[in-house]
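Commentary on secondary and tertiary structure
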Amino acid sequence: MNTAYGLSIPQTLEEVCDPQRIALLVYDMQVGILSQLKNADNVTRQVLKVLTAARNAHVRVFFSRHLSLPKELMGVSQFRMAMAWQRVDSPEQVNPWFLRDNPAFQIIPELAPRSTEGVFDKLTMSAFEGTWLDFALRDCGINAFIIVGVATEIGIEPTARHGADLGYIPVLVTDACGAGNEEAATRSIESLKFAGDALITDTETICGALRKRSGVGNA
């Protein structure tokens with residue numbers, strides 16, 4: 001651990017993975033989003049491995065859910081985004097996919113959040129914009145977050161960048177992040193590597209780091 005001016009500056013993954021200073025963010029693992037992925041089962045397995053390791057290490061866990069507003073409450077940016085995603089030409093053709101009471105909005109049952117874990121809804125791609133996540137992390141003294149979920153090129157990259165701008169250390173678990181477009185996801189990961197703010201790792205490595213903190217063996 002490097003130090004300067006009374007600060008402890010973590011550099012390695014093991015240094016960052018202090019259960020008292022890191023959280024896990026499970027990003028948008030919702031029924032309606034996973035149904036659009038070709039490799040949804042594999043992504044779910046990898047996310048579950050990281051989630052289990054985090055729980056065993058007593059890491060604080062947060063789940064995000066992407067929310068659609070009723071069309072009567074949608075604004076310009078929401079209509080523009082919905083039209084682009086749904087490939088329609090007019091607001092009248094938009095169908096809100098993730099309304100609050102729609103089964104597609106819910107977290108997949110394999111990852112059911114516990115009563116001790118946070119669940120928050122968002123309209124934006126960054127999980128920090130317009131939500132209570134930043135307040136909750138800071139209030140707990142957290143300075144880093146592990147991020148898994150979907151999709152790398154749509155919301156995970158913006159969340160990692162936003163988190164870094166807020167002073168957090170993002171830890172991106174590449175094989176526990178799904179993508180709708182693999183080429184775009186690769187560009188996102190390479191861009192984050194180039195910026196240097198985030199730590200880039202994989203499921204086996206992050207789970208091993210968390211196991212060391214939890215005292216749980218590999219068996």
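Refer to the structure presented above.
First, a word on scope: everything that follows refers to the structure included in this document. (Residues numbered from 1 in each chain as written. Predicted model: local features only at pLDDT ≥ 70, side-chain atom pairs only at ≥ 80, totals over all residues. Heavy atoms only, no water.)

Some details on the overall build of the protein
- Each helix and strand in the protein was counted, giving 8 helices and 8 strands.
- Taking 17 Å as the expected radius of gyration for a compact globule of 219 residues, we find that the protein reaches 17 Å, a close match to that expectation.
- The dimensions of the protein, computed from C-alpha atoms along their principal axes, are 55 × 40 × 35 Å.
- Out of the 219 residues belonging to the protein, those deemed buried represent 49%.
- Taking all contacts inside the protein whose residues are at least 6 apart in sequence as the whole, residues at least 24 apart take part in 78%.
- For the protein, the accessible area works out to roughly 11,500 Å², and carbon and sulfur atoms hold 51% of it. (Helix = DSSP H or I, 4+ residues; strand = E, 2+ residues; numbered from the N terminus. Rg over C-alpha atoms; globule rule 2.2 N^0.38 Å. Buried < 20%, exposed > 50% of the residue type's maximum accessible area, 1.4 Å probe, protein only. Contact = heavy atoms within 4.5 Å. Areas by Shrake-Rupley, 256 points an atom, 1.4 Å probe, with all protein chains shown as cover.)

A closer look at empty space enclosed by the protein
- Under the defined criterion, the tally for this structure stands at 1 cavity of 30 Å³ or more.
- Estimated volume of the largest cavity: approximately 40 Å³.
- Surrounding the largest cavity, A23, L24, L25, F62, F128, L133, L137 and F145 form its lining.
- Of all elements in the fold, only β3 (22-27) and α5 (133-139) reach the threshold of two or more residues within the lining of the largest cavity.
- For the lining of the largest cavity, the residue count by class is 8 nonpolar, no polar and no charged. (1 Å grid on protein atoms, 1.4 Å probe; cavity = no way out; pocket = protein on both sides within 12 Å on 5 of 7 lines; lining within 4 Å. Points joined across faces, edges and corners; volume = space filled by probe spheres on them. Nonpolar A, V, L, I, M, F, W, Y, C, P; charged D, E, K, R; others polar.)

Re the environment of I146
- One can find I146 in strand β6 (residues 144-150).
- Judged by its relative accessible area of 0%, I146 falls in the buried class.
- Through-space distance from the C-alpha of I146 to that of G163 is 11 Å; in sequence the pair is 17 residues apart.
- Excluding residues that lie within four positions of it along the chain, I146 makes contacts with I22, A23, L24, L25, V50, V171, V173, I206 and L210.

Quick notes on the packing of helix α6 (residues 152-165) against helix α7 (residues 182-195)
- Taken N-terminus to C-terminus, the directions of α6 and α7 make an angle of 15°; their axes are 9 Å apart at the nearest point. By the angle class used here, α6 and α7 are roughly parallel. For the element pair α6 and α7, the recorded crossing hand is left-handed. Across the interface between the two elements, T152, E153, E157, A160 and R161 of α6 pack against A184, A185, S188, I189, S191, L192 and A195 of α7. (Axes fitted to C-alpha atoms, helices over the stretch in contact; angles between N-to-C directions. Parallel < 35°, antiparallel > 145°, perpendicular 65-115°, else oblique. Left-handed = near helix turned anticlockwise from the far one by under 90°.)

Remarks on the nonpolar core
- In this structure, L24, I146 and I206 are the most contacted members of the largest nonpolar core, which totals 48 residues.
- Element by element, the count of residues in this core is highest for helix α3 (residues 40-56), at 7 residues.
- If you look at the next biggest cluster of nonpolar residues, it comprises 21 residues, including F128, F145, I147 and I189. (Core = buried A, V, L, I, M, F, W, Y, C linked by side-chain atoms within 4.5 Å.)

Everything listed is a geometric property; what it means functionally is a separate question.
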